[in-house]
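In case you want the letters, here they are:
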Amino acid sequence: KVEKTRGKNIRFTITTNGVLLDDEKIKYINENMHNVVLSLDGRKEVNDNMRPTANNKGSYDIIAPKFKKLVSERPKDKYYYIRGTFTRDNLDFSEDVLHFANEGFKLTSVEPVVGEEENPYALREEDLPKVFEEYEKLAVQYADMKLKGDGFSFFHFMIDLNQGPCVIKRITGCGAGNEYLAITPSGDIYPCHQFVGNEDFKLGNILDEKIELPKEVTNMFREAHVYAKDECRNCWNKFYCSGGCHANAINFNNDIKVPYKLGCEMQKKRTECSIMIQAKMMLEGN
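### Structural notes on the packing of helix α5 (residues 128-148) against helix α11 (residues 261-284)
Packed helices, taken two at a time, are described by their axes: the angle between them and the distance between them. Contact pair α5 / α11: the axes reach a minimum separation of 9 Å and the direction vectors enclose 25°. When the axis of α5 is compared with that of α11, the two are roughly parallel. For the pair α5 and α11, the sense of crossing is right-handed. Within the contact between the two elements, α5 uses L128, V131, F132, Y135, E136, A139, V140, Y142, A143, D144, K146 and L147 and α11 uses L262, E265, M266, K269, R270, C273, M276, I277, K280, M281 and E284. Here the residues of the contact of α5 with α11 are counted per class, giving 15 nonpolar, no polar and 8 charged.

Following this line, the structure appears as structure tokens:
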């Protein structure tokens, strides 16, 4: 209500695992949310292995029909993504991406899991060759589908190689801690959702009479750009990666200026695949 008087453009997004979705919630989300992320880990066997219900049964058959209904009723001018996660248990994740496409979802994202190596599902450095192979396999299939006119959009291959994001975005990335914030149900403010619960990064509470964001935290994020990171400064991919995820850098290296290495390597491979896709479409599309 106040955005116009304050000269702001406030957009809301919601992520749902779909279990409690009903017609009323679908209607509310489609009317009020600029973007909605539909969390489904992949094929039925992949999702049900990682996400059983309270009675230890699979959740795929509960979730998928509700997501299809939400997407079918969603206004054309609003976004959605069906979002999966790949782990060591489904390194053949291209099959999950194609499964989403075959189920009619046109906007997809399947992200690599992030976790400590002691977790059995966590990705390790020795998994990278298989992960790279899978991205390359997916890129070929993705380009072929695009050329045939029956394609879909995969978030990690949607890179504008001609112009790309603005200079500020290229250098600073997601904007966490400055133009992007996460607010908990109790009103606590954090740089992004991945910092929720870490009191060192709590910025205040929206119910406080006066909010004064701690400058030591906001300055830390403002200064965490690609030219401040040794690993990024000479990296060919820095303007498409923008320095990687701040939360991963802190969680793995306890330093916002030291990027998460596995994430860097996978991001570089995704950019390479994006170049290949666009080259193939330019050469064969004519």
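### A closer look at the sheet that holds strand β5 (residues 153-154)
Ordered by their spatial adjacency, 5 strands build an open sheet running β1-β2-β3-β4-β5, and the pairing between neighbours is parallel. Here the strands that pair on one side only, and so sit at the sheet edges, are β1 (13-16) and β5.

### Side note on the packing of aromatic side chains
Going through the model one piece at a time under the given rule, you end up with 13 aromatic pairs. Residues Y81 and F155 carry aromatic rings whose centres are separated by 5.6 Å and whose planes lie at 85° to one another, so their mutual orientation is edge-to-face. Highlighted residues: Y81 in strand β3 (residues 79-86) and F155 in the loop between β5 and α6 (167-172), separated in sequence by 74 residues. Between Y142 and F152 the ring centres are 5.2 Å apart and the planes differ by 90°, which places this aromatic pair in the edge-to-face class. One end of the pair, Y142, is in helix α5; the other, F152, is in the loop between α5 and β5, with 10 residues separating them in the sequence. Taken together through their ring pairs, the aromatic side chains of Y142, F152, F154 and F157 make up a single cluster. Looking at K238, its charged tip hangs above the ring of F239, at a distance of 5.1 Å from the centre.

### So, helix α4 (residues 94-102)
For α4, the tally of buried residues reaches 7 of 9 residues, placing the bulk of the element in the interior. The complete set of buried residues in α4 reads S94, D96, V97, L98, H99, F100 and A101. Positive phi shows up at G104, right after α4, with a value of about 100°.

### A short note on the packing of helix α1 (residues 23-32) against helix α3 (residues 60-73)
Two elements in contact, α1 and α3, have axes whose closest approach is 10 Å; the angle formed by their N-to-C orientations is 40°. As judged from the angle between their axes, α1 and α3 are oblique. Relative to α3, α1 is oriented so that their crossing is right-handed. In this structure, α1 uses D23, I26, I29 and N30 to contact α3, whose residues at the interface are K66, K69, L70 and E73. Residue composition of the contact of α1 with α3, grouped by class: 3 nonpolar, 1 polar and 4 charged.

Cut-offs used in this document
- Residues numbered from 1 in each chain as written.
- Predicted model: local features only at pLDDT ≥ 70, side-chain atom pairs only at ≥ 80, totals over all residues.
- Heavy atoms only, no water.
- Axes fitted to C-alpha atoms, helices over the stretch in contact; angles between N-to-C directions.
- Helix = DSSP H or I, 4+ residues; strand = E, 2+ residues; numbered from the N terminus.
- Parallel < 35°, antiparallel > 145°, perpendicular 65-115°, else oblique.
- Left-handed = near helix turned anticlockwise from the far one by under 90°.
- Contact = heavy atoms within 4.5 Å.
- Nonpolar A, V, L, I, M, F, W, Y, C, P; charged D, E, K, R; others polar.
- Pairing = 2+ DSSP bridges.
- Phe/Tyr/Trp six-rings, centres within 6.5 Å; stacked < 30°, edge-to-face > 60°.
- Lys NZ or Arg CZ within 6 Å of the ring centre and 35° of its normal.
- Buried < 20%, exposed > 50% of the residue type's maximum accessible area, 1.4 Å probe, protein only.

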